[in-house]
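The primary structure of each chain is shown beneath.
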Amino acid sequence: MKAFKPSRSRRTFAAAAGVGALIAAMLAPLPAAAQANFPDKPIRIVVPYAAGGGVDIVTRLVSQKMGDALKQTIIVENKPGAATNIGMDTVARAPADGYTLLTASNTLAANGALFSKLTFDPAHDFTPVGAIGYAPLAVVVPVESSFKTLKDLTDYGRAHPDKLTYASAGNGSSGHLASELLKRESGMKALHVPYKGGSPAVTDLLGQRISFMSINPLEVVSHVKAGKLRALAVLDDEPASMLPEVPTVVSQGLPGAMATVWWGLIGPKDLPPEVTAKLNAALQSALKDPAVKQRFGEMGAVVTPGTDKQFGQFVAAETTKWTKVIKDAGIKAD
């Protein structure tokens, strides 16, 4: 509506004001009505990784059950690249109506500190919907290694600060940050050797060209069972389902070194509370499904039901934790 000119009559002003009030009255109920009918069209969940990976599998498993609960189609769209920043930017720019979500992971808590320039603010441009689950990382060494326990490794790393090396799937990856956390908590020293993905890193670990790795057990459990790698610790306070005999890092006196890979759903900033509640309820329904729990267990993961607020508090705590690790170690991804 154009601005009113001072020369217009009071009657014209009143008439225009009346029209404006009518329009406002007609428009005001629409958002509430849209929220009440949510969802009345397909929902899109953006996965910021390539198809076929762990995050993609988790998302498709959960989204199918969520769709059943919401009686609506949920489409999973892969948008990999730039350490998940492409996918996060897509969702940050989407309308805050609940029809575009993101499967967030550790990078939501780390990228704000890893990258000097982002097109979005990880801490403020998203609305938490709910946690999905997590998988603890494990510290592994070649089976020929002289390190039989985590203490053997950390003691050696303190006594020989220029001898140990550790591999990761890339600079700023969960394995990289977990190993840096282990170094900080134990006082050991080790040189980081980044790779372009987990597979080549594991290959060099098997070839004894690397001292150790912190990695998702799912990626190495076959090598552990085949007697090619030795797991020294699970970086959690409970044993991993895939490596039940491996002691936890907490039981070995390093509770501050816990590290996991985790997943959860988020939407754009200012997602309406009513919409968030419906999405969270559907997510809780999915996580209770026996088939979902069984599949998570087969992947060495644990479902973590809870409210949107609980997930938001978790992400905030993770952001604080990993920002300190990144800054203390001087890690930069760009």
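How each quantity is defined
- Residues numbered from 1 in each chain as written.
- Predicted model: local features only at pLDDT ≥ 70, side-chain atom pairs only at ≥ 80, totals over all residues.
- Heavy atoms only, no water.
- UniProt positions renumbered as here; feature names shortened; annotations may be inferred.
- Pairing = 2+ DSSP bridges.
- Helix = DSSP H or I, 4+ residues; strand = E, 2+ residues; numbered from the N terminus.
- Contact = heavy atoms within 4.5 Å.
- Axes fitted to C-alpha atoms, helices over the stretch in contact; angles between N-to-C directions.
- Core = buried A, V, L, I, M, F, W, Y, C linked by side-chain atoms within 4.5 Å.
- Buried < 20%, exposed > 50% of the residue type's maximum accessible area, 1.4 Å probe, protein only.
- Domains from an automatic or database assignment.
- Phe/Tyr/Trp six-rings, centres within 6.5 Å; stacked < 30°, edge-to-face > 60°.

Where an unreviewed UniProt entry is consulted, the protein chain appears under the name LacI family transcriptional regulator, with the organism given as Achromobacter animicus. The record held by UniProt for the protein chain lists under Sequence similarities (unreviewed entry) the comment "Belongs to the UPF0065 (bug) family."

Engineer: It is not clear to me how the sheet that holds strand β11 (residues 302-303) should be interpreted in this structure. Could you clarify?
Structural biologist: Remark on secondary structure: sheet strands pair via backbone hydrogen bonds, oriented parallel or antiparallel. Read across the sheet, six strands follow the order β2-β1-β3-β10-β4-β11 without closing on themselves; strand pairing throughout is mixed. Both edges of this open sheet fall to β2 (74-78) and β11, since each of them pairs with a single strand only. Helix α12 (residues 308-329) rests against β4 (126-136) and β10 (260-268) of the sheet, and its axis sits at about 70° to β4.

Engineer: For this particular structure, what's the right way to read the environment of Val 246?
Structural biologist: Here Val 246 shows up in the loop between β9 (229-234) and β10. Contact partners of Val 246, with chain neighbours within four places excluded, come to Ala 231, Leu 232, Ala 233 and Val 234.

Engineer: I'm lost on the nonpolar core in this one. Help?
Structural biologist: When a protein is soluble and globular, its nonpolar side chains tend to lie buried together. In terms of nonpolar packing, the biggest core is built from 62 residues, with Ile 132, Leu 150, Leu 153, Phe 212, Trp 263, Leu 279 and Phe 296 touching the most fellow members. Looking at this core, you find at least three residues from each of domain 1 (43-135 + 260-329) and domain 2 (138-257). Residues contacting Phe 296, with those up to four places away along its chain left out, are Val 58, Leu 61, Val 62, Ile 132, Gly 133, Trp 263, Ala 301, Val 302 and Val 303.

Engineer: What should I look at first to understand the packing of aromatic side chains in this one?
Structural biologist: Within a pair of aromatic rings, the relevant descriptors are the distance that separates the centres and the angle that separates the planes. If you walk through the whole model with that rule in mind, you get eight aromatic pairs. Residues Trp 262 and Phe 314 carry aromatic rings whose centres are separated by 5.1 Å and whose planes lie at 85° to one another, so their mutual orientation is edge-to-face. With Trp 262 in strand β10 and Phe 314 in helix α12, this pair connects stretches of sequence that are 52 residues apart. Take Trp 262: its relative accessible area is 2%, and that puts it in the buried class. Relative accessible area serves as the criterion here: at 32%, Phe 314 is assigned to the partly exposed category. A network of ring pairs unites the aromatic residues Trp 262, Phe 311 and Phe 314 as a single cluster.

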